[in-house]
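Below are the chains, spelled out letter by letter.
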Amino acid sequence: MAQSLELLLIQFLMPDNDARRQAEEQIKRLAKDPQVIPALIHHLRTAKTPNVRQLSAVLLRKKITGHWAKLSPQLRHLVKQSLIESITMEHSPPVRRASANVVSIVAKYAVPAGEWPDLLPFLFQCIQSAQEDHREFSLTETIGNTFQPHFADLQALLLKCLQDETSNRVRVAALKAVGSFLEFTQDGAEVVKLREFIPSILNVSRQCLASGEEDVAIIAFEIFDELIESPAPLLGESVKSIVQFSLEVCSSQNLESNTRHQAIQIISWLAKYKSNSLKKHKLVTPILQVMCPLLAESANGDEDDDLAPDRAAAEVIDTMALNLPKHVFPPVFEFASLSSQNANPKYREASATVLGVISEGCLDLMKNKLEPILHIVLGALRDPEQMVRGAASFALGQFAEHLQPEIVSHYESVLPHILNALEDTSDDVQEKSYYALAAFCENMGEEILPFLDPLMGKLLAALQNSPRNLQETCMSAIGSVAAAAEQAFVPYAERVLELMKNFMVLTNDEDLRSRARATELVGMVAMSVGRMKMEPILRPFIEAAISGFVLEFSELREYTHGFFSNVAEILDDGFTQYLPHVVPLAFSSCNLDDGSAVDIDESDDENINGFGGVSSDDEAHDEPRVRNISIRTGVLDEKAAATQALGLFALHTKGSYAPYLEESLKILVRHAKYFHEDVRLQAIIALKHMLTAAEAVFRGHNEGPAKAKEIIDTVMNIYIKTMKEDDDKEVVAQACMSAAEIIKDFGYMAVEPYMPQLVDATLVLLREESACQQQESDSDIDDNDTEHDEVLMDAVSDLLPAFAKAMGPHFAPTFATLFNPLMKFAKSSRPPQDRTMVVACLAEVAQDMGAPIAGYVDSLMPLVLKELASSEATNRRNAAFCVGELCKNGGESSLRYYGDILRGLYPLFGESEPDDAVRDNAAGAVARMIMVHPEAIPLNQVLPVFLKVLPLKEDREESIAVFTCICNLVVASNSQILALVPDLVNLFAQVAASPVETSEVKAQVGRAFSHLISLYGHQMQPLLSNLSPVHANALAAFAPKS
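Residues numbered from 1 in each chain as written. Predicted model: local features only at pLDDT ≥ 70, side-chain atom pairs only at ≥ 80, totals over all residues. Heavy atoms only, no water.

1. Regarding the overall build of the protein chain
So, point 1. Broken down by element type, the protein chain carries 55 helices and 2 strands.
So, point 2. Out of the 1042 residues belonging to the protein chain, those deemed buried represent 55%.
So, point 3. Across the protein chain, contacts joining residues at least 24 apart in sequence account for 74% of those joining residues at least 6 apart.
So, point 4. When the accessible surface of the protein chain is split by element, carbon and sulfur atoms take 50% of a total near 45000 Å². (Helix = DSSP H or I, 4+ residues; strand = E, 2+ residues; numbered from the N terminus. Buried < 20%, exposed > 50% of the residue type's maximum accessible area, 1.4 Å probe, protein only. Contact = heavy atoms within 4.5 Å. Areas by Shrake-Rupley, 256 points an atom, 1.4 Å probe, with all protein chains shown as cover.)

Printed below as a string of structure tokens:
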């Protein structure tokens, strides 16, 4: 074989493609025989040309794994001996490097089996050799796992090589070897040993940067990158020196942009994975003092945007804001305030940019400082420099997206500025302003009406006279305006829809994004103006939307599924006629291939053109490093939209969805386990809608109950598994909310078989032990500062009231197991939103569980009384509601707290209480207290204060309790309330005339008023004559007919 193989190796290296292809085919055939190994070893040592020797080594690396076990001990010895000879005696560096790579593969099998005892002593000898080549190749970086047991012995020698003063190559090889060992280092003690390398790594990197060898510095950053992502405890004190070095590098404008980018990336990874380390070592402010000014650095014209320092710095600041908001906001706000006055426009631009960048992470802190923040940004929107105005319009868009709903209350100052910016001379400023307008209007309601005409005038003009990119953003803005204006949008709807027809027939590739936006906008306009106006004119739009599916543009398909979802929502059962056309399109999108791609890093073997062509199944064992994973994100968005559409089709067409139910469920079960959380989220929502449709489909069928049981089994098991095992908090929160809705909609009997697992999953979440609540391992985590997702825990706390509502007093034993884990969130060290979540949850549980809550009154009352005095209105409101329910259902246990409760509630009735909803809930609490124990209330003092705040202003759910209480007192002819008849008449008249009070409440008022008439007869006339005609007439309707 040796002779024929040599000829084939020479032929493979020829420039003739046909000759090479023939040689490759024959080499592949020969490579299946284990005897190829000794033949390749022979050519590695004896071939005359270095290229043939190198090719022999590359092929050995690829084939040795598959054949090693089949080689005799003698042949194995020959391989090992020949490889060591090649490393020590070979003159060609590429051949030596290729041989060293083969050593690393063989060592993986031979060293653990005890078959190569000479290798470690040989490497030690090479590390200490006077020859630079030997020192370099002894540090082959792919044998980390093999020699892990000897790591302590190698440590001193590796440090020596890192400090090698005569050879840069040796230092580079030592850095690579450290990186290799790191890959296999999980044990905490071993990581601690690796910390000792960091000063040497930093010294080598600084020397190399000084001498222009930036590639070596980048190797150091790759090592830090691995260390940061390591699950083992990190870097201890050395994090400070890594940050200092990284900040030095990213501040040095004379370095290559790629080198600086690597340094910024290290800071970014630290912020993402080890934010507590940055906090503990007080590194947040020093980092921001470097990152914020980087935003003002001018990018080189020829620089890759992704490597530009200002963009990378913005990403770091964003990551830090998301992870450490309280520590990030003060220094960033200080930078923005000072820079907004800077004579250099780049700094004024950075001032607005940085406020936009941190608005998602620091939203709570920024909401409390909106006045000064808007002063900076609105000032920047009037700046003479275009770049500053562009940054300001970007920031306003971010605020509109993240600082809701507080930002909307500033509409009187913000909207006029945005309207002016829409006419900016710069297309960039205009486009960002349309985006800001779209985001701002999204959460507006009737406040938009005074601006509607000028807004639509500008938007309609822009829609007809602007370039495509501006038209697209303009369509988003019109959609937001339509959603805010609702019926007031009707006068503009016809014109907008006419314009959209033109966009919805575009077929050129460059126009398809505009077509997608137009399709979305028609759906939003339809939602605003409603079924009656849209149904007669919808068909051509639906046909245009369906025809877009053949154009192979994922974003258009995504927006079209959204359009169909909106149409289903407004037509309800009228959408049934379109199901045969649109459901198959949704199925098609759901079943699309994701198009994920994985690139494999085989770069060491590609030095000779064409070597990569020789391959075999054995290569799978070579464990190449995955370099890059890319996913077609457009397909993900399309799948998520199609998944959502299936759920909404089922929800709105109910029984008519029967033909598609089975296939839809198969898809949703699959998507509930999908790798991307956006798709899983939509599947979790849609499963609940399928259940609603299934209930309608199977109602009245003989096999109905069994089929419905099968579907609820599937859905509930997915929800319970998701709650425990899904790693995304939003998906888990949705599973909790959907489970609570199922209990509410289908009743306890439907979910009774799943209650033990559902309660167990709830317990896991309350204990913060589910997969989505696991933090990155970091030895520096502060247990008292554990953060959780507010949305998630709100959803979890919604489950307890759902259980209570379904089970009533029978919930008591289950509640006993959940109580202590829930109360952990009520500790004084927890943020206000945690405590109010607990109080609101307990109020609803008390309301529906009833009498068993009495056993918890002594544990709860101190918390609830304290919350009545909270600085947060939501906390006071929930506490007032809770205290009323505890009094109503807590029996004698609550009675002894009546004095404390009245003292706690009293301030909520006064002018110092700014929130109407708080006052309404305080009134509800007093009403419940009076109804349960009127004898325990000093009515002569309480009733005047109580009646003064009525009727209720905001939370009318409290009306029935309040007016039942008053009616009972009146009908019982209670002397204390009869002393207040003038106040009662005035109050009853307002309620009788109110368009928002329920008929049930008005009936109570009528009963009480009739009783007053029966008591006082004509004496009531002067009081009635003082009423306005509207109030008098409304009340007269309740007077007993004489």
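There's more to say after this.
2. Some words on helix α40 (residues 755-766)
So, point 1. Taking 1.5 Å of rise per residue, 12 residues should cover 16 Å, and α40 covers 16 Å from first to last C-alpha, within 8% of that figure.
So, point 2. In terms of burial, α40 is largely enclosed, as 9 of its 12 residues are buried.
So, point 3. Elements that come into contact with the buried residues of α40 comprise α37 (704-725), α38 (729-746), α39 (748-751), α41 (790-807) and α42 (812-823).
So, point 4. Following α40 by one or two positions, glutamate 768 adopts a phi angle in the positive range, close to 60 degrees. (Expected span 1.5 Å × (residues − 1).)

3. Some points on the pattern of salt bridges
So, point 1. Tallying each qualifying case throughout the model produces 40 salt bridges.
So, point 2. We note a salt bridge from lysine 458 to glutamate 423, for which the minimum N-O separation is 3.3 Å. Of this pair, lysine 458 sits in helix α26 (residues 452-465) while glutamate 423 sits in the loop between α24 (411-421) and α25 (427-441), and the two are 35 residues apart along the sequence.
So, point 3. A salt bridge links glutamate 725 to lysine 721, with the shortest nitrogen-to-oxygen separation between them at 2.8 Å. On the criterion of helical spacing, the pair formed by glutamate 725 and lysine 721 is a turn pair, its members being 4 residues apart in helix α37. (Salt bridge = Lys/Arg side-chain N within 4 Å of Asp/Glu carboxyl O.)

4. Side note on the packing of aromatic side chains
So, point 1. All chains considered together, the criterion is met by 14 aromatic pairs.
So, point 2. Taking the centre distance of 6.4 Å and the plane angle of 50 degrees together, the rings of phenylalanine 335 and tyrosine 347 count as tilted. Of this pair, phenylalanine 335 sits in helix α19 (residues 325-339) while tyrosine 347 sits in helix α20 (residues 345-357); the two residues are 12 residues apart in sequence, bridging distant segments of the chain.
So, point 3. Taking 5.8 Å as the distance between ring centres and 45 degrees as the angle between the ring planes, the aromatic pair formed by phenylalanine 811 and phenylalanine 815 counts as tilted.
So, point 4. Joined through ring pairs, the aromatic side chains of Phe803, Phe811, Phe815, Phe819 and Tyr856 make up one cluster.
So, point 5. Against the face of phenylalanine 12 rests arginine 20, its NZ or CZ located 5.2 Å from the ring centre. (Phe/Tyr/Trp six-rings, centres within 6.5 Å; stacked < 30°, edge-to-face > 60°. Lys NZ or Arg CZ within 6 Å of the ring centre and 35° of its normal.)

5. Brief notes about the side chain of glutamate 958
So, point 1. With respect to the helices and strands, glutamate 958 occurs in the loop between α49 (939-948) and α50 (959-971).
So, point 2. The contacts of glutamate 958, once residues within four sequence positions are left out, are Phe881, Asp920, Asn921, Gly924, Ala925, Arg928 and Leu952.

6. Quick word on the nonpolar core
So, point 1. If you look at the biggest cluster of nonpolar residues, it comprises 291 residues, and the most contacted ones within it are Met291, Phe399, Phe489, Leu905, Phe946 and Ile966.
So, point 2. It is helix α36 (residues 677-698) that provides the largest number of residues to this core, a total of 11 residues.
So, point 3. Setting aside residues no more than four positions away along its own chain, phenylalanine 946 makes contact with Phe909, Ala923, Val926, Ala927, Val962 and Ile966. (Core = buried A, V, L, I, M, F, W, Y, C linked by side-chain atoms within 4.5 Å.)

7. Considerations on the packing of helix α23 (residues 386-402) against α25
So, point 1. At a minimum axis distance of 8 Å, the contact between α23 and α25 shows a crossing angle of 15 degrees. Put simply, α23 runs roughly parallel to α25. Crossing hand, α23 versus α25: left-handed. Two secondary-structure elements touch here, α23 through Gln386, Arg389, Gly390, Ser393, Phe394, Leu396, Gly397, Gln398, Ala400 and Glu401 and α25 through Asp428, Val429, Lys432, Ser433, Tyr435, Ala436, Ala439 and Phe440.
So, point 2. Residue composition of the contact of α23 with α25, grouped by class: 8 nonpolar, 6 polar and 4 charged. (Axes fitted to C-alpha atoms, helices over the stretch in contact; angles between N-to-C directions. Parallel < 35°, antiparallel > 145°, perpendicular 65-115°, else oblique. Left-handed = near helix turned anticlockwise from the far one by under 90°. Nonpolar A, V, L, I, M, F, W, Y, C, P; charged D, E, K, R; others polar.)

8. Describing the confidence of the model for the protein chain
So, point 1. On average, residues of the protein chain carry a pLDDT of 84, and 86% of them reach 70 or more.
So, point 2. Between residues 596-632, whose pLDDT stays under 50, and residues either more than four places distant or in other chains, the model counts 74 contacts.
So, point 3. Low pLDDT (under 50) marks residues 776-788, which in the prediction has 29 contacts with non-local residues, meaning those over four places away or in another chain. (pLDDT = per-residue confidence, 0-100.)

9. Digging into the packing of helix α3 (residues 36-46) against helix α5 (residues 73-89)
So, point 1. Where α3 contacts α5, the two axes come as close as 10 Å, and the packing angle between them is 20 degrees. Put simply, α3 runs roughly parallel to α5. Between α3 and α5 lies a crossing whose hand is left-handed. Judged by residue contacts, Ile37, Pro38, Ile41, Leu44 and Arg45 of α3 engage Leu75, Leu78, Val79, Ser82, Leu83, Glu85, Ser86 and Met89 from α5.
So, point 2. Broken down by class, the residue content of the contact of α3 with α5 amounts to 9 nonpolar, 2 polar and 2 charged.

10. Overview of the environment of threonine 88
So, point 1. Tracing the chain through its elements places threonine 88 in helix α5.
So, point 2. Taking the C-alpha atoms as reference, threonine 88 lies 8.8 Å from cysteine 126; in sequence the two are 38 residues apart.

11. Topic: helix α48 (residues 916-932)
So, point 1. Compared with an ideal rise of 1.5 Å per residue, which puts 17 residues at 24 Å, α48 spans 25 Å between its outermost C-alpha atoms and is within 8% of the ideal.
So, point 2. The buried fraction of α48 is high, at 14 of 17 residues.
So, point 3. Residue aspartate 915 occupies the N-cap position of α48, its side-chain oxygen lying 2.9 Å from the main-chain nitrogen of alanine 917. (Polar contact = N/O pair within 3.5 Å; in protein donor to acceptor, adjacent residues only side chain to side chain.)

12. Notes on unusual backbone geometry
So, point 1. Omega for the peptide link from glutamine 404 to proline 405 comes to -5 degrees, which places this bond in the cis form.
So, point 2. One can find proline 405 in the loop between α23 and α24.
So, point 3. Of note, the amide linkage connecting leucine 950 to proline 951 takes the cis form, showing an omega dihedral of 0 degrees.
So, point 4. Relative to the helices and strands, proline 951 is located in the loop between α49 and α50.
So, point 5. Backbone geometry at glutamate 552 places phi at a positive 55 degrees, although glycine is not the residue there.
So, point 6. In this fold, glutamate 552 is placed in the loop between α31 (539-547) and α32 (554-571).

13. Notes on a negative patch on the surface
So, point 1. Judged by side-chain charge, Asp364, Glu790, Asp794, Asp798 and Glu844 come together as a negatively charged surface patch.
So, point 2. It is α41 that contributes the most residues to the negative patch, 3 residues altogether.
So, point 3. Tracing the backbone shows glutamate 844 in helix α43 (residues 832-849). (Patch = residues over 30% accessible without salt bridge, like charges linked within 9 Å, V, L, I, M, F, W, Y side chains within 5 Å. Lys, Arg positive; Asp, Glu negative; His and termini not counted. Charge placed at Lys NZ, Arg CZ, Asp CG, Glu CD.)

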